[in-house]
Amino acid sequence: MNHDIPVSQIGPQGEIMAHAIEACVHCGFCLPACPTYALLGDEMDSPRGRIFLMKEVLEGELPLFDAAPHLDRCLGCMGCVTACPSGVAYGELITSFRGWSEPQRNRSAFDKAKRVAILKALPAPKLFSVAARIGQYAKPLAPLLPDALKSPLDLLPEHVPAMLDLPKFTPAQGTKRARVAFLVGCAQQALAPNFNAATLRVLARNGVEVVIPEDQGCCGAAALHTGARDEALKLARNNIAAFNPDEYDAILSNAAGCGAGLREYPEVLHGLPDEDAAKKLAAKVMDISTFLAQLSEDGGLEPFMPASRPIKIAYHDACHLAHAQGIRAEPRALLKLIPNVSLLEVPEGDLCCGSAGTYNLEQPELATQLGERKAKNVLSTQPDMVASGNIGCHTQIQSHLRRQGSGVPIHHTIEILDMAYQGLL
Amino acid sequence: MSLFNRRKPEKLALTANSPVSKPRSTEAPSSPLAAELTRLLGPQKVLSAYGERLNYRYDAILVGKTPLCVVLPETTADVVAAVRAARAADVPIVGRGAASGLSGGAAPLEESLVISFTRMTKLTIYPEQREARAQAGVITLAVSEQARPHGLVYPPDPASFRTSTIGGNLGENAGGPMCFKYGVSGDYVKALEFVDVDGGIHELRRDAFDLAGLLIGSEGTLGLITEATLRLTPPPRFTRTLMSHFAEVGQAAEAVSQAIAAGAVPAKLEFMDKACTNAVEDYLQIGLPREAEAVLLVDTDGDDLATVEEELALVEAACQDHGGTVRRAADDAESAALWRARRSISPALGRIRPQRMNEDIVVPRSVLAEVVREIRSLGEASGFHLVQFGHIGDGNLHPNILFDPRTESSEKVHELAYQVAQVAIRHGGVLSGEHGIGAMKRDFMRDAVDAVTLEALWDVKRALDPEGMLNPGKILP
């Protein structure tokens, strides 16, 4: 579409935004793919509407204040990117826009404090773990608290597991097939340490040696997507220094959001001196499921023990796997390798579960509606178990399954593979 | 009013340090109409702030004027209240579905009240009558989805059927790939409820004067369709899909004529040229033949497998006789992928140039090959990207002129579009098969319709909307 965005005044991020806006032909194909449009039915809360709003703000035609509520309601699930035949880079647009507009926002002191707390706690697993523990004890008090504090408590699991120390180096078993670096993820370490333990076991068993670089930190996705651009830049640069792509066959992540975050570095650093290094790093980043699927194609995986009885697994597509990284087939193919396992497709599978990074905390009402809808859709398939590849979806779906009185367990794809290896399925 | 994106007259100065300068206004405008509507319908159904209204000025091809106010009705009574209030305030009324239309039908050309039907989504299936009763905002695909458990479907399937609404489809009399064998939206309407310009509610059936037929395809210029009773049919038991590609566009058209003359009645018979194929392949990467000048996509269907296969064989032979390479879809998944490709053409064209003018001509099948070739040479001579696709079984073609308004002249685009329309008219064709005339093709109406007939159309318009308050600036020149 036409625009009059003063690109030269905004800089490299302006180019990214203008490019995305130009590509939009306002056909409306994105509307049915958008969770907030599905809930609210308003053009402003659709991707097409948001693109127009951002254009108007960038052109100086609309005050940011007027557009902000609708832009804040975007989950960043990228469902619209999958649906868009014109190739609009919506993710790059909204991320750049949030970074550009955040310094101009006039947030309340409470809002500011909440954002700082989230962005400080998330990248620090130990701090997060302590906070989660405190939260766990505060849970009974939830009814007395204001909504803004209730929502994070709601999401905490019944028991916050103990932290696990991960080895800096895990040797390959048998013939060495590859050497990889592994990003451990932040919230995940505190809430579900077994995801990482299972990942190391499965990789080692398949001849992969794993290095966990010590200086690594948070991928920065949460900061980036909430508009804390300076913080995101700092975190990105830290990881670029920590992971040397030349040393590894791949840089792996087992959290969809973190993997997508690493792969976004070239956009984050567009026009800055580290752009080339970011591109080199991003080119090596892979989700654990893609990496294992490639190993499987290229020489096979160690065989899995059959499940002890026929098991039906509902596979949930995490938005940051399916939409942001285009990874759908690989996790399904891996799960199907386990004898006695069958997969179920969830109705409205492309619709976000409502977790979406910090969305749960910032838009609890819409997040809850989406969580309920997702849990209902999952349960309609009558699964024995649910699989997903992202910690955010994991906590959200688990919490809504429980709220609906269901005892169906949810596991990371890699945990299920690990269980199969151990004969625990 | 230019046909294309209009630059806004007032511009705020931008400075390097604060790209967004002073807010214009964060207050809702004090339009008396917005105030009255809020009083009548409550704040949840009325959008009056600038940031809320500006997103209701476009459809999928045109950006019009920001409406004065937007109403999101939930019932027919809400529509009546909105219409009466707009009349009292002397403000024109524009109806809007999902705004996926391609002729500018839902884009207001002057300051208007936009009535957006996206919240009127009540849908009831009556399996024993093989009917569905749908409010205007029901998503088209939802009708078939909810009817299917009862062994029924709603055949009209415009390419935008995941997005578009029943009200919008009826307003434009939308077609779709199924139209060759199964007809267009209007063919499935048994009854229609509409609100007239004075706020009166009418329930039309297809008897006496076919007033329902008059409302269908009237693009909101005669009344606002609020509900419809739709005919449902059992889906065919068998469907087979075939794709054929050709080294030359005219060959594809000739193959179509031969197949139909031989007695094949394909359920779908679609055509796309090389540029379309490549734009879609860039999006889906499913292995479409990038080198082919023309691709045909064909479904045959029915309850008797032998007949379905026989018809497919007729099409296959016709394609081969005209130099086509034929590939049959191996299974339902392959067939679904091919149809998804077809449905994505229109928006995928944005990958070539950011803006376009979409034609919707229909010509007799006997002249198809000639028309396709003539339009192609017009495009080549013009220097613009002119691409073609469409429901070729119906003779319904969509020549699209793709352009970049910053570097290419809108006037020249319009000129070329006019020449294309002339080709259709010269060969005994019409200007619109399924997308409506809207604002995009209004200028061509004088060439397509003789003066006496045009006056009759004006008489109808004046009878139902004497003061021209309903979707002004559309259809009639």
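Residues numbered from 1 in each chain as written. Chains lettered and ligands numbered in written order. Predicted model: local features only at pLDDT ≥ 70, side-chain atom pairs only at ≥ 80, totals over all residues. Heavy atoms only, no water.

(A) A look at the overall build of chain A. Helix and strand counts for chain A come out as 24 helices and 9 strands. With 425 residues in all, chain A has 62% of them scored as buried. When contacts within chain A are restricted to residue pairs at least 6 apart in sequence, those whose partners lie at least 24 apart make up 75%. For chain A, the accessible area works out to roughly 16000 Å², and carbon and sulfur atoms hold 55% of it. (Helix = DSSP H or I, 4+ residues; strand = E, 2+ residues; numbered from the N terminus. Buried < 20%, exposed > 50% of the residue type's maximum accessible area, 1.4 Å probe, protein only. Contact = heavy atoms within 4.5 Å. Areas by Shrake-Rupley, 256 points an atom, 1.4 Å probe, with all protein chains shown as cover.)

(B) How the structure looks around the domain arrangement of chain A. All names here are of chain A. Here the domain parsing of chain A yields domain 1 (7-104), domain 2 (109-155), domain 3 (169-294) and domain 4 (303-422). Relative placement of domain 3 and domain 4: their C-alpha centres are 22 Å apart. Each partner contributes to the interface: domain 3 provides 27 residues, whereas domain 4 provides 23 residues. Buried surface at the junction of domain 3 and domain 4, both sides included, amounts to about 2100 Å², of which 69% is carbon and sulfur. Summed over the shared surface of domain 3 and domain 4, the result is 1 salt bridge. Between Asp 418 and Arg 201 there is a salt bridge, and its shortest N-O distance comes to 2.7 Å. (Domains from an automatic or database assignment. Buried area = accessible area lost by both parts, 1.4 Å probe. Salt bridge = Lys/Arg side-chain N within 4 Å of Asp/Glu carboxyl O.)

(C) Just the packing of helix H12 (residues 193-205) of chain A against helix H24 (residues 413-421) of chain A, in detail. All names here are of chain A. As a packed pair, H12 and H24 sit with axes 8 Å apart at the nearest point and diverge in direction by 55 degrees. One element, H12, and the other, H24, form an angle in the oblique class. In the crossing of H12 with H24, the sense of the turn from one axis to the other is left-handed. Where H12 abuts H24, its residues Asn 194, Phe 195, Ala 198, Thr 199, Arg 201, Val 202 and Arg 205 lie against Ile 414, Glu 415, Leu 417, Asp 418 and Tyr 421. (Axes fitted to C-alpha atoms, helices over the stretch in contact; angles between N-to-C directions. Parallel < 35°, antiparallel > 145°, perpendicular 65-115°, else oblique. Left-handed = near helix turned anticlockwise from the far one by under 90°.)

(D) Expanded view of a nonpolar patch on the surface. A contiguous nonpolar surface patch, about 320 Å² in accessible area, is contributed by B:Phe209, B:Leu211 and B:Leu214. Along the chain, the position of B:Leu211 falls in helix H7 (residues 211-215). (Patch = residues over 30% accessible without salt bridge, like charges linked within 9 Å, V, L, I, M, F, W, Y side chains within 5 Å.)

(E) Representation of the side chain of A:Glu59. Residues and elements named next belong to chain A. For Glu 59, the location among the structural elements is in helix H4 (residues 47-59). For Glu 59, a relative accessible area of 1% translates into the label buried. Within the local environment of Glu 59, its side chain forms a polar contact with the backbone nitrogen of Asp 4, the two atoms lying 2.5 Å apart. (Polar contact = N/O pair within 3.5 Å; in protein donor to acceptor, adjacent residues only side chain to side chain.)

(F) Up close: helix H20 (residues 329-336) of chain A. Residues and elements named next belong to chain A. Among the residues making up H20, those that are buried are Pro 331, Arg 332, Leu 334 and Leu 335. All buried residues of H20 lie within an arc of 160 degrees about the axis, which places them on one face of the element. Across from the buried face of H20, at angles greater than 90 degrees, the exposed residues are Ala 329 and Lys 336. As for H20, its buried residues are in contact with helix H18 (288-297), strand E6 (311-315), helix H19 (319-322), strand E7 (341-345), strand E8 (385-388) and H24. (Arc of directions from axis to C-beta.)

(G) Seen up close, the pattern of salt bridges. Residues and elements named next belong to chain B. Scanning the entire structure with this criterion turns up 51 salt bridges over all chains. Salt-bridge contacts for Lys 268 lead to Asp 299; the nearest nitrogen and oxygen are separated by 3.8 Å. Of this pair, Lys 268 sits in strand E11 (residues 268-273) while Asp 299 is found in strand E12 (residues 294-302), placing the two residues 31 residues apart along the sequence. Both residues of the pair, Lys 268 and Asp 299, count as buried.

(H) Structural view of the sheet that holds strand E2 (residues 69-71) of chain B. All names here are of chain B. The mixed open sheet is built from 4 strands, whose spatial order is E1-E2-E4-E3. The open sheet terminates on both sides in strands that have one partner only, identified here as strand E1 (46-47) and strand E3 (93-96). Sheet analysis places E1 next to E2, joined by 2 bridges and oriented antiparallel. Considered in E2, the bridge of Val 46 is made with Val 71. Strand contacts of helix H1 (residues 32-41): E1, E2 and strand E4 (113-116), with the helix running at about 20 degrees to E2, the strand carrying the most contacts. Docked against the sheet, helix H3 (residues 76-89) engages E2, E3 and E4, running at close to 175 degrees with respect to E4. (Pairing = 2+ DSSP bridges.)

(I) Broad picture of the sheet that holds strand E6 (residues 131-135) of chain B. All names here are of chain B. Taken in spatial order, the 5 strands line up as E5-E6-E9-E7-E8 in an open sheet, and their pairing is antiparallel. A single partner strand is all that each edge strand has here, and the edge strands are strand E5 (123-126) and strand E8 (201-205). Within the sheet, the average angular offset between the axes of one strand and its neighbour, ignoring direction, is 15 degrees. Two elements, E6 and strand E9 (residues 224-231), share 5 bridges in a ladder whose sense is antiparallel. Within E9, the residue paired with Arg 133 across the bridge is Thr 229. In the packing of helix H4 (residues 140-147) onto the sheet, the strands contacted are E5, E6 and E9, and the crossing angle to E5 comes to about 40 degrees.

(J) Representation of H1(B) in the model. Residues and elements named next belong to chain B. Turning to H1, its buried residues are Leu 33, Ala 34, Leu 37 and Leu 41. Buried residues along H1 cover an arc of 95 degrees about the axis, so they all sit on one side. Summarising the geometry of H1, the exposed residues directed more than 90 degrees from the buried face are Pro 32 and Arg 39. Those residues of H1 that are buried lie in contact with E1, E2, H3 and E4. Positive phi appears at Gly 42, one or two residues downstream of H1, with a value of about 90 degrees.

(K) Summary view of the side chain of A:His26. Note that A:His26 resides in the loop between helix H2 (12-23) and helix H3 (35-40). For A:His26, the side chain forms a polar contact with the main-chain oxygen of B:Asp59, separated by 2.7 Å. Setting aside anything within four residues of it in sequence, one finds A:His26 in contact with A:Met1, A:Arg48, A:Phe52, B:Tyr58, B:Asp59, B:Ala60, B:Ile61, B:Leu62, B:Val63 and B:Ala99.

(L) Summary view of the environment of A:Leu39. Residues and elements named next belong to chain A. Residue placement: Leu 39 occurs in helix H3. You can call Leu 39 partly exposed: its relative accessible area is 23%. Taking the C-alpha atoms as reference, Leu 39 lies 8.0 Å from Leu 366; in sequence the two are 327 residues apart.

(M) Representation of the packing of helix H22 (residues 364-379) of chain A against helix H23 (residues 391-403) of chain A in the model. Residue and element names in this part refer to chain A. Two numbers describe how H22 lies on H23: the axes approach to 9 Å, and their chain directions differ by 75 degrees. Between H22 and H23, the angle falls in the class roughly perpendicular. Facing H22, whose interface residues are Ala 367, Thr 368, Gly 371, Glu 372, Lys 374, Ala 375, Val 378 and Leu 379, H23 presents Gln 396, Ile 397, His 400, Leu 401 and Arg 403. For the contact of H22 with H23, the residue count by class is 6 nonpolar, 4 polar and 3 charged. (Nonpolar A, V, L, I, M, F, W, Y, C, P; charged D, E, K, R; others polar.)

(N) View of the interface of chain A and chain B. Facing the 43 residues of chain A at the interface are 52 residues of chain B. If you sort the residues of chain A by the area they bury against chain B, A:Asn2, A:Glu61 and A:Pro85 come out on top, with a joint share of 17%. Joining chain A to chain B, the criterion identifies 4 salt bridges. Taken together, the links from chain A to chain B amount to 16 residue pairs in polar contact (both at pLDDT 80 or more). Within the residue set of the side of chain A that touches chain B, elements represented by two or more residues are H3, H4, helix H5 (64-72) and helix H6 (79-83) of chain A.

(O) Examining the nonpolar core more closely. B:Phe271, B:Leu296, B:Val371, B:Ile392, B:Leu397 and B:Ile401 are the most contacted members of the largest nonpolar core, which totals 61 residues. Apart from residues lying up to four places away in sequence, B:Leu397 is in contact with B:Phe271, B:Glu359, B:Asp360, B:Ile361, B:Leu368, B:Val371, B:Val372, B:Gln388, B:Phe389, B:Gly390 and B:Ile392. (Core = buried A, V, L, I, M, F, W, Y, C linked by side-chain atoms within 4.5 Å.)

(P) Region of the structure containing the pairing of E11(B). All names here are of chain B. Counting buried positions over the 6 residues of E11 gives 6, a clear majority of the element. Going residue by residue along E11, you find Lys 268, Glu 270 and Met 272 tucked away on one face and Leu 269, Phe 271 and Asp 273 tucked away on the opposite face as well. In terms of strand pairing, E11 meets E12 through 6 bridges, oriented antiparallel. Bridge pairing links Met 272 to Val 295 in E12. Across 2 bridges, the pairing between E11 and strand E16 (residues 385-391) is antiparallel. Of the residues in E16, the one forming a bridge with Met 272 is Phe 389.

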